[in-house]
Amino acid sequence: MPMTRLDQLQQSLRAALGERLLSVVAALNEVTVVLRAADHLEGHRILRDDAALSFEQCVDLAGMDYQGYGDGAWEGARFAVVTHLLSVKHNWRVRVRTFCPDDQLPLLPSLIDVWPAVNWYEREAFDLYGIVFEGHPDLRRLLTDYGFVGHPFRKDFPVSGHVEMRYDPEQRRVIYQPVTIEPREIIPRVIREDDYGRGR
């Protein structure tokens, strides 16, 4: 049976990354690799520089929260960083997942030295998930306000948030205050006529 491009990619990934790999999985015509946290930076550098791989572009970087994943069956680390890489030279893609070793302080090295374009992606993952990228030159919030408390994409973040903001006409500025949403039961009211559904 001839080797497919997916087989060739997996073989090249195993050869280049070796012990740095925790797994290589092909599903739905896509390849996903899991790197050890200690090899996050070096592994991505190899993915970019190895001639057999040549992933010149990091198309996306995102944070993930696995709390409660698989209906609570997940027993691994809670936070992960996922990158999507593209090789224009070889016309193939790979998804790379690295789990943060500490759930209390999710931390991985920044990939800015490998792909400068990940700057804002890493800031977004920090803002929304609280993942810290060591070596990032300007790691601050990107989408939420500087005074925002918490990280809103974490699964334990309350849906209503911690604070709400509103414009105060007396102070002539936006103010923050504790959330004042009162929980209430909403029971749908259905009104039907006696002859509903019958031809008239």
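Check the entry above for the structure.
This is a predicted model, so every value here is computed, not measured.

## Notes on the overall build of the protein
Okay, step 1: In terms of helices and strands, the protein carries 3 helices and 9 strands.
Okay, step 2: Listing each helix as α and each strand as β along the protein from the N terminus yields α-β-β-α-β-β-β-β-α-β-β-β.
Okay, step 3: For a compact globule of 200 residues, the expected C-alpha radius of gyration is about 16 Å, and the protein comes in at 23 Å, more than 25% above that figure.
Okay, step 4: Seen along its three principal axes, the alpha-carbon backbone of the protein occupies a region of about 70 × 60 × 35 Å.

## Topic: the sheet that holds strand S3 (residues 57-65)
Okay, step 1: With mixed pairing, 5 strands are arranged side by side in an open sheet as S1-S2-S5-S4-S3. Edge positions in the sheet fall to strand S1 (21-27) and S3, since each of these pairs with one other strand and no more. For this sheet, the mean angle separating the axes of adjacent strands, direction not counted, is 20°.
Okay, step 2: Bridge analysis of S3 against strand S4 (residues 79-87) gives 8 bridges, and the strand direction is antiparallel. Looking at the pairing, Gln57 lines up with Leu86 of S4.
Okay, step 3: The strands touched by helix H3 (residues 119-129) are S3 and S4; relative to S3, the strand with the most contacts, the crossing angle is about 10°.

## So, the packing of helix H1 (residues 5-17) against helix H2 (residues 40-49)
Okay, step 1: It is the contact of H1 with H2, at a shortest axis distance of 10 Å, that shows an interaxial angle of 125°. The orientation of H1 with respect to H2, classified from their angle, is oblique. Viewed along their axes, H1 and H2 form a crossing whose handedness is right-handed. Where H1 approaches H2, its residues Leu13, Ala16 and Leu17 are matched on the opposing element by Gly43, Ile46 and Leu47.
Okay, step 2: A per-class count over the contact of H1 with H2 returns 5 nonpolar, 1 polar and no charged.

## Digging into the environment of Leu6
Okay, step 1: Positionally, Leu6 belongs in helix H1.
Okay, step 2: Distance from Leu6 to Asp65, taken between C-alpha atoms, is 28 Å for residues 59 residues apart in sequence.

## Comments concerning the environment of Asp102
Okay, step 1: Mapping Asp102 onto the fold places it in the loop between strand S5 (92-99) and strand S6 (107-109).
Okay, step 2: With 40 residues separating them along the chain, Asp102 and Leu142 place their C-alpha atoms 23 Å apart.
Okay, step 3: Among the polar contacts listed, one links the side chain of Asp102 to the backbone nitrogen of Gln104, at a separation of 2.9 Å.

## Topic: the packing of aromatic side chains
Okay, step 1: Under the defined criterion, the tally for this structure stands at 6 aromatic pairs.
Okay, step 2: Here Tyr129 and Phe153 contribute two aromatic rings whose centre-to-centre distance is 5.8 Å and whose plane-to-plane angle is 80°, an arrangement assigned as edge-to-face. Of this pair, Tyr129 sits in helix H3 while Phe153 is found in the loop between strand S7 (132-134) and strand S8 (163-168), placing the two residues 24 residues apart along the sequence.
Okay, step 3: Owing to a relative accessible area of 13%, Tyr129 belongs among the buried residues under this scheme.
Okay, step 4: Taking the relative accessible area as the measure of exposure, Phe153 reaches 47% and is therefore partly exposed.

About the criteria used
Residues numbered from 1 in each chain as written. Predicted model: local features only at pLDDT ≥ 70, side-chain atom pairs only at ≥ 80, totals over all residues. Heavy atoms only, no water. Helix = DSSP H or I, 4+ residues; strand = E, 2+ residues; numbered from the N terminus. Rg over C-alpha atoms; globule rule 2.2 N^0.38 Å. Pairing = 2+ DSSP bridges. Axes fitted to C-alpha atoms, helices over the stretch in contact; angles between N-to-C directions. Contact = heavy atoms within 4.5 Å. Parallel < 35°, antiparallel > 145°, perpendicular 65-115°, else oblique. Left-handed = near helix turned anticlockwise from the far one by under 90°. Nonpolar A, V, L, I, M, F, W, Y, C, P; charged D, E, K, R; others polar. Polar contact = N/O pair within 3.5 Å; in protein donor to acceptor, adjacent residues only side chain to side chain. Phe/Tyr/Trp six-rings, centres within 6.5 Å; stacked < 30°, edge-to-face > 60°. Buried < 20%, exposed > 50% of the residue type's maximum accessible area, 1.4 Å probe, protein only.

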